[in-house]
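Coordinates in review
In case you want the letters, here they are:
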Amino acid sequence: MRIRLLLGDQLDINHSWFSGADPEVLYVMMEVRPETEYVHHHAQKLLAVFASMRNFAAELEGRGHRLRYLKIGDPANRQSFEENLTFLTAEHGAELIEYQRPDEFRLEELFLEMQARLPLCRVESEHFLLSRDEAAAWFAKRKNPVMEYFYRDIRKKTGWLMEGDAPQGGKWNYDEENRRAWRGDPPAPVRDGRIVDLRPLWEEIQKAGIASFGEPRAKAFRWPLRREEALEDLARFCREGLTHFGRYQDAMAMNEPFLFHSLLSFALNVKLISPREVIEAALAAADQNPAIPLSSLEGFIRQIAGWREYIRGIYWERMPGFGIENFFDHRRNLPDWYWTGEVKMRCLKQSIGQSLKESYAHHIQRLMITGSFALLAGIDPQQVDDWYLGVYIDAFQWVELPNTRGMSQFADGGKTATKPYAGSANYISKMSDYCKGCAYNQKQRHGEGACPFNSLYWDFYLRHRERLEDNPRIGFVYRTLDKFSEEERRSIRRQAEEYLEGIEGL
Ligand code: FAD
Ligand code: SF4
């Protein structure tokens with residue numbers, strides 16, 4: 001008799017575990033308090049994870065597997081992985097507890113530690129394009145692991161977008177074609193919420209006293225909660241989004257939270273769908289539809305075969321030290337308006353507002369609006385991490401932490417990103433319509449109504465000159481700064497100081 005434990009982000013029905021039903025195997029799934037409390041979660045994230053777990057459990061039972069599911073409010077639930085597994089092992093006379101290798105360091109450590117008291121045995125999750133060991137071997141061989149070469153190796157290994165040994169179209173990367181602003185044409189696909197009513201589950205979550213923030217939107221829930229729904233979303237993206245994905249990948253627009261993005265990250269991260277099938281669906285769609293440009297297809301595949309896998313490799317390569325890095329020694333508190341959206345800066349109001357409403361913001365909003373502001377304002381990276389890990393539907397530490405602490409906060413001093421992703425109003429106004437109608441003036445660096453992004457941008461580089469000046473990728477910033485008069489630099493610093501002192505009122 002064996003128990004097989006499934007975590008909330010291990011909902012892969014194609015895992016080899018499920019190839020046939022075995023009466024000697026009892027699958028166990030549980031909703032436990034520590035998982036709801038390790039960070040303050042968005043309401044939709046709680047709903048999406050619990051609802052998908054419950055749907056998955058029903059699917060397993062439908063396929064003839066034995067299953068024990070402990071809901072959050074179940075009186076038998078001891079609210080701890082260890083205590084639940086201990087009583088279930090005794091109750092069923094289990095000799096072995098198998099579990100799939102967790103994706104998060106916190107859980108990996110917990111299960112390794114529990115091994116002293118329980119008969120635990122670990123297997124691969126089979127989800128990623130590379131196993132943990134394969135990825136670790138790639139990173140171990142390189143002093144400066146670069147995403148581009150990691151991605152090329154995956155392309156060579158899989159044959160995706162390859163013509164023999166050469167990249168299709170002659171280039172590995174079409175990123176420079178993927179940076180256009182979007183001005184309303186072509187129209188962005190309509191994304192209606194599904195008519196899935198999660199109100200009974202929401203009541204259960206509230207009854208259990210689980211704290212959360214953000215809008216639950218339980219009446220018409222948007223996110224896919226079953227494999228079929230995720231596959232529908234994938235097909236829809238290939239039909240309606242992929243053609244323009246690449247070109248407008250970095251674009252931002254008021255009241256258009258999704259533009260041409262796929263919205264597949266939640267389904268991918270809880271393993272309802274696999275990266276391989278997403279990529280193969282995109283390739284098949286491009287085969288059928290000549291309107292899908294190679295630059296768009298390549299741009300999309302790079303996010304999944306390149307960034308997603310690479311980020312996971314970095315996480316395991318650098319944990320646990322990665323989780324406490326703070327290169328700039330930033331200590332300021334995250335402003336309260338990150339939790340309410342009540343801020344005058346229009347770019348932040350839109351990006352935070354939609355994050356609270358939808359549990360979603362796309363990559364450039366996360367990197368160049370909320371992330372860049374936190375970096376420029378010198379916010380403690382731990383508080384920034386906690387916000388990102390809580391707010392987004394797709395946030396699991398293995399993918400959130402390298403993106404936030406590494407890419408967006410440069411807290412590892414440049415091991416993930418080669419330069420800080422800091423931007424002024426110049427970038428934001430080029431890539432969005434946020435600045436039109438903003439209370440601040442996008443052109444000004446100081447003085448009445450100057451855009452805080454501008455003052456803080458230059459002040460950031462002045463403050464951290466010693467740490468950054470030798471970085472060849474940002475030499476131009478210092479050359480520009482040196483052309484400013486002494487008086488100009490002083491005014492910028494005074495303005496930045498004023499804004500930082502009154503940060504809650506921005
Ligand atoms: P699309 O734009 O349609 O991209 C397709 C897919 O590519 C995504 O679904 C995702 O699986 C993958 N992808 C794209 N970029 C990345 C990346 N940098 N790292 C890993 N995968 C990527 N992604 C998460 O899944 N979870 C997170 O917690 C998370 N936190 C982030 C924090 C910051 C500060 C930043 C800058 C990025 C973060 N990302 C995170 C990456 C990216 O923003 C999201 O994957 C993406 O916005 C999800 O929306 P989508 O499915 O519409 O993606
Ligand atoms: Fe953001 Fe500044 Fe533009 Fe306002 S002017 S939207 S604060 S970048």
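Residues numbered from 1 in each chain as written. Chains lettered and ligands numbered in written order. Predicted model: local features only at pLDDT ≥ 70, side-chain atom pairs only at ≥ 80, totals over all residues. Heavy atoms only, no water.

Every residue close to ligand 2 is listed here: Met-345, Arg-346, Cys-347, Ala-425, Ile-428, Tyr-434, Cys-435, Cys-438, Tyr-440, Gln-442 and Cys-451. Within the residue set of the shell around ligand 2, elements represented by two or more residues are α14 (346-358) and α18 (425-431). (Near = heavy atom within 4 Å. Helix = DSSP H or I, 4+ residues; strand = E, 2+ residues; numbered from the N terminus.)

This next bit is on the environment of Trp-17. Note on placement: Trp-17 falls in the loop between β1 (2-6) and β2 (25-30). A relative accessible area of 6% means that Trp-17 is categorised as buried. Through-space distance from the C-alpha of Trp-17 to that of Ser-125 is 9.8 Å; in sequence the pair is 108 residues apart. In contact with Trp-17, not counting residues within four places along its chain, are Arg-4, Leu-5, Leu-6, Tyr-27, Glu-98, Tyr-99, Gln-100 and Val-123. (Buried < 20%, exposed > 50% of the residue type's maximum accessible area, 1.4 Å probe, protein only. Contact = heavy atoms within 4.5 Å.)

Another aspect to go through is the pattern of salt bridges. Using the criterion set out here, one finds 48 salt bridges in the structure. When the shortest N-O distance is used, the salt bridge between Glu-358 and Arg-222 registers 3.3 Å. One end of the pair, Glu-358, is in helix α14; the other, Arg-222, is in the loop between α7 (199-207) and α8 (227-240), with 136 residues separating them in the sequence. Arg-222 shares its class with Glu-358; the two are buried. Where Arg-463 meets Asp-459, a salt bridge forms, and the shortest distance between an N and an O atom there is 3.0 Å. Note that Arg-463 and Asp-459 are positioned in helix α19 (residues 452-463) at a spacing of four residues, about one turn of the helix. (Salt bridge = Lys/Arg side-chain N within 4 Å of Asp/Glu carboxyl O.)

All right, on to the site of ligand 1 then. Inspection of the region around ligand 1 gives 28 residues, with His-261, Ser-262, Leu-263, Asn-269 and Tyr-360 positioned closest. Tyr-360 places a polar side-chain atom, nitrogen or oxygen, 2.7 Å from an oxygen atom of ligand 1. In the model, a nitrogen atom of ligand 1 is placed 3.4 Å from a nitrogen or oxygen of the Arg-366 side chain. For ligand 1, whose accessible area on its own is 810 Å², the fraction buried by protein is 99%. Only α10 (265-269), α12 (294-318), α15 (363-377) and α17 (397-408) provide two or more residues apiece to the shell around ligand 1. A per-element tally of the shell around ligand 1 places α12 first, with six residues. When its residues are assigned to classes, the shell around ligand 1 shows 14 nonpolar, ten polar and four charged. (Polar contact = N/O pair within 3.5 Å; in protein donor to acceptor, adjacent residues only side chain to side chain. Areas by Shrake-Rupley, 256 points an atom, 1.4 Å probe, with all protein chains shown as cover. Nonpolar A, V, L, I, M, F, W, Y, C, P; charged D, E, K, R; others polar.)

Okay, the pairing of strand β4 (residues 96-100) next. Where burial is concerned, most of β4 is hidden: four out of the five residues are buried. As defined by bridge partners, β1 adjoins β4 across four bridges and the pair is classed as parallel. For Arg-2, the partnering residue across the bridge sits in β4 and is Leu-96. In this structure, β4 lies alongside strand β5 (residues 120-123), joined through four bridges in parallel fashion. The residue bridging Ile-97 from the neighbouring strand is Leu-120, located in β5. Between the parallel pair β4 and β5, the chain is carried across by helix α4 (residues 105-114), and the sense of this crossover is right-handed. (Pairing = 2+ DSSP bridges. Right-handed = clockwise from strand over helix to strand, strands pointing away.)

It is worth spelling out α17 at this point. For α17, a buried count of eleven out of twelve residues is recorded, marking the element as mostly surrounded by other parts of the structure. Among all positions of α17, only Gln-397, Trp-398, Val-399, Glu-400, Leu-401, Pro-402, Thr-404, Arg-405, Gly-406, Met-407 and Ser-408 are buried. Tucked into the core, α17 has its buried residues touching α4, α10, α12, α15 and α16 (381-391). Following α17 by one or two positions, Phe-410 adopts a phi angle in the positive range, close to 55°.

Turning our eyes to something else, we now look at the packing of α16 against α17. Packing of α16 against α17 brings their axes to within 10 Å, and their N-to-C directions diverge by 135°. By the angle between their directions, the pair α16 and α17 is classed as oblique. Crossing of α16 against α17: the hand is right-handed. Touching Pro-381, Gln-382, Val-384, Asp-385, Tyr-388 and Leu-389 of α16 are Gln-397, Glu-400, Leu-401, Thr-404 and Arg-405, all from α17. Partitioned by chemical class, the residues of the contact of α16 with α17 number five nonpolar, three polar and three charged. (Axes fitted to C-alpha atoms, helices over the stretch in contact; angles between N-to-C directions. Parallel < 35°, antiparallel > 145°, perpendicular 65-115°, else oblique. Left-handed = near helix turned anticlockwise from the far one by under 90°.)

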